[in-house]
Amino acid sequence: MSLIYKSTRGGEGVTASAAILKGLAENGGLFVPSQIPALDVPVEKLASMTYQEVAYEVMKLYLTDFTEEELKKCINNAYDSKFDTEEIAPLAYADGAYYLELFHGSTIAFKDMALSILPHLMTTAAKKNNVSNEIVILTATSGDTGKAAMAGFADVEGTRIIVFYPKDGVSPVQEKQMVTQKGKNTFVVGIHGNFDDAQTGVKKMFNDKALAKELADHGFQFSSANSINIGRLVPQIVYYVYAYAMLVKNEEIKNGEKINVVVPTGNFGNILAAYYAKNMGLPIDRLICASNENKVLYDFFTTGSYDRNRDFVLTSSPSMDILISSNLERLIYKIAGEDPEANSALMSALSGSGKYEITPQMKEKLADFYGNFADETETAGMIHDLYTETGYVIDTHTAVAGAVYKKYVKETGDDKKTIIASTASPYKFARSVMTAIDSRYDAMDDFALIDELSKIANVAVPKAVEEIRTAPVLHNNQCDVDAMEATVKGWLGI
Ligand SMILES: *Cc1c(COP(=O)(O)O)cnc(C)c1O
């Protein structure tokens, strides 16, 4: 049976491959499957499968217009030796929780889980839809997406990628990773603004019909590698299914036993994937949404009111420094009874006054979720205490989740087995991580810190970090927020 993707703001449905190519629907909505398919392989069977095999079983239910051969090829090209472990997403137990390590790919953050496959899905989708234009991937990043997307798309034929990041809003390692990116088809720009400015600028270009026409006249079309693309969301469902099957396999839980999942959240993509996994029938109980001091989602889950009118806080977990969580729209659409008009009204309120309020009936449907946040002190304390007690070192984003999980247990007494999505390697945020463990580390330079981290954590320095030690800077572009379109055109030569 073929699954159709509808825009959250109404209109005709499209196939999975068309939704991946478009990224965002023409009316500004996000594509959602017209129904969430049920998992049709028993967990006992999934428990004996490799990551790649589980990926096929999950993704085939969503990408129904891809042939078995096409999909398996995409999967095998993505989840290969770019990952430093055959398990792809291993689980590590520490202090009462299972950390699902999603950072073993080429850029050591969880974005690799989806962005190593997206270019393959997209070029396959282009062929299926007889697209001859060159695909221009337009991306706004809070730090990790940009690098992971460029690593995925670099030198992929028929594609170009342009990345905008907040010049002063990413970690030194994140910036160095981006500006050293190889590949003739890659272009990186630091903007004088924050992540929301970058994301808003990118969305504006996507929605600009005149610009789309101008691009088409020159043989280009935009697509998106941001987590609004359904081709990002679907591969992220896989690791929740895989992790559950691994817990069963390792006899940590009984088949059918409910677990909780904690996700450090920014754009709401990762936790939405867990929600989809739950709706497919995976025995997940609570979806625990962890925010940093930009706690717009915590306020939303507790009050039913979403309000972005507040100060944007730069924290030690920059990939979660977000006030407009784009993927939340998919949840809003669902709890609005899949009513595109109701959803559109709320979204235009958000882009107008910067806030909206859901109805009590909608709020009732959020019972699967629990939201809380951790401030900077709590986040650092989490890293410090977990290391002191167990020797396990986590990054700042994962620490936000760990700290929120502690609050959740304290508040509810819920002792179900719990998976914490571990979204970045501590090496990516070495300074924040090391100074949380001991403030005297702050005196060391970045690479000395990395060597010290390797010693205390007893984990080899990842290849991604080794590489940037000596890599030459290949990109040195900056622009103002209102010059983003001109920058894109300039690079494309139109
Ligand atoms: C992107 C990112 C997040 C937030 O994920 P969303 O899907 O945007 O909610 C959390 N941690 C890290 C390290 C990330 O790169």
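So, here is what we can say about the structure in this document. (Residues numbered from 1 in each chain as written. Predicted model: local features only at pLDDT ≥ 70, side-chain atom pairs only at ≥ 80, totals over all residues. Heavy atoms only, no water.)

1. Examining the site of the ligand
Here comes step 1: The immediate surroundings of the ligand are formed by 15 residues, with K111, D144, G266, N267 and T423 found nearest.
Here comes step 2: A distance of 3.0 Å separates an oxygen atom of the ligand from a polar backbone atom of F268.
Here comes step 3: Here a nitrogen atom of the ligand and a side-chain polar atom of T423 are 2.8 Å apart.
Here comes step 4: Look at the ligand: alone it shows 380 Å² of surface, and the protein chains cover 98% of it. (Near = heavy atom within 4 Å. Polar contact = N/O pair within 3.5 Å; in protein donor to acceptor, adjacent residues only side chain to side chain. Areas by Shrake-Rupley, 256 points an atom, 1.4 Å probe, with all protein chains shown as cover.)

2. Re the nonpolar core
Here comes step 1: By size, the foremost hydrophobic cluster in this structure holds 117 residues, and its most contacted members are Y5, Y62 and L63.
Here comes step 2: No other element matches helix α11 (residues 230-249), which puts 15 residues into this core. (Core = buried A, V, L, I, M, F, W, Y, C linked by side-chain atoms within 4.5 Å. Buried < 20%, exposed > 50% of the residue type's maximum accessible area, 1.4 Å probe, protein only. Helix = DSSP H or I, 4+ residues; strand = E, 2+ residues; numbered from the N terminus.)

3. Here we look at the packing of aromatic side chains
Here comes step 1: Scanning all chains against the criterion turns up 18 aromatic pairs.
Here comes step 2: When the ring of F300 is compared with that of Y356, the centres are 6.4 Å apart and the planes differ by 65°; the resulting orientation is edge-to-face. Here F300, found in helix α13 (residues 296-303), pairs with Y356, found in strand β12 (residues 355-357); they are 56 residues apart in sequence, far enough to count as distant.
Here comes step 3: Looking at Y356, the relative accessible area reads 6%, which means it is buried.
Here comes step 4: In this structure an aromatic cluster arises from ring pairing among F268, Y275, F300, F301, Y306, Y356 and F369.
Here comes step 5: Positioned above the aromatic ring of F373, the side-chain terminus of K407 is 4.9 Å from the ring centre.
Here comes step 6: The residue whose ring lies beneath R440 is Y441, and the NZ or CZ to ring-centre distance is 4.8 Å. (Phe/Tyr/Trp six-rings, centres within 6.5 Å; stacked < 30°, edge-to-face > 60°. Lys NZ or Arg CZ within 6 Å of the ring centre and 35° of its normal.)

4. Considering the pattern of salt bridges
Here comes step 1: Using the criterion set out here, one finds 26 salt bridges in the structure.
Here comes step 2: Across the pair D40 and K60 runs a salt bridge whose closest N-O atoms are separated by 3.9 Å. With a gap of 20 residues between them, D40 in the loop between β2 (31-33) and α2 (43-46) and K60 in helix α3 (residues 51-62) connect regions that are remote in the sequence.
Here comes step 3: Overall, the relative accessible area of 48% leaves D40 in the partly exposed class.
Here comes step 4: Salt-bridge contacts for D217 lead to K213; the nearest nitrogen and oxygen are separated by 3.1 Å. Here the residue D217 and the residue K213 both occupy positions in helix α10 (residues 209-217), the gap between them amounting to four residues, near one helical turn. (Salt bridge = Lys/Arg side-chain N within 4 Å of Asp/Glu carboxyl O.)

5. Overview of empty space enclosed by the protein
Here comes step 1: All chains considered together, the criterion is met by three cavities of 30 Å³ or more.
Here comes step 2: Of the pockets and cavities examined, the largest cavity occupies roughly 280 Å³.
Here comes step 3: Counting only elements with at least two residues in the lining of the largest cavity, the list comes to α7 (144-153), α11 and α12 (269-279).
Here comes step 4: It is α12 that contributes the most residues to the lining of the largest cavity, three residues altogether.
Here comes step 5: Counted by class, the lining of the largest cavity contains ten nonpolar, 14 polar and three charged residues. (1 Å grid on protein atoms, 1.4 Å probe; cavity = no way out; pocket = protein on both sides within 12 Å on 5 of 7 lines; lining within 4 Å. Points joined across faces, edges and corners; volume = space filled by probe spheres on them. Nonpolar A, V, L, I, M, F, W, Y, C, P; charged D, E, K, R; others polar.)

6. Some remarks on the layout of surface pockets
Here comes step 1: A volume near 730 Å³ is recorded for the largest pocket.
Here comes step 2: Surrounding the largest pocket, 32 residues form its lining, S106, T107, K147, A151 and E467 being those nearest its centre.
Here comes step 3: Of all elements in the fold, only α5 (111-115), α7 and α21 (463-470) reach the threshold of two or more residues within the lining of the largest pocket.
Here comes step 4: Looking at the lining of the largest pocket residue by residue, the classes come out as twelve nonpolar, twelve polar and eight charged.

7. Quick look at the sheet that holds strand β15 (residues 477-480)
Here comes step 1: The five strands lie next to each other as β8-β5-β6-β7-β15, forming an open sheet whose pairing is parallel. Edge strands, defined here as strands with exactly one partner in the open sheet, are β8 (220-224) and β15. Taken pair by pair, the neighbouring strands of this sheet meet at an average axis angle of 30°, ignoring direction.
Here comes step 2: Summarising the sheet, strand β5 (residues 134-140) and β8 pair through five bridges and their orientation is parallel. Its bridge partner being in β8, L138 is matched across the sheet by S224.
Here comes step 3: Where helix α22 (residues 484-492) meets the sheet, its contacts fall on β5, β6 (159-166), β7 (186-192), β8 and β15, and the angle it forms with β6 comes to roughly 150°. (Pairing = 2+ DSSP bridges. Axes fitted to C-alpha atoms, helices over the stretch in contact; angles between N-to-C directions. Contact = heavy atoms within 4.5 Å.)

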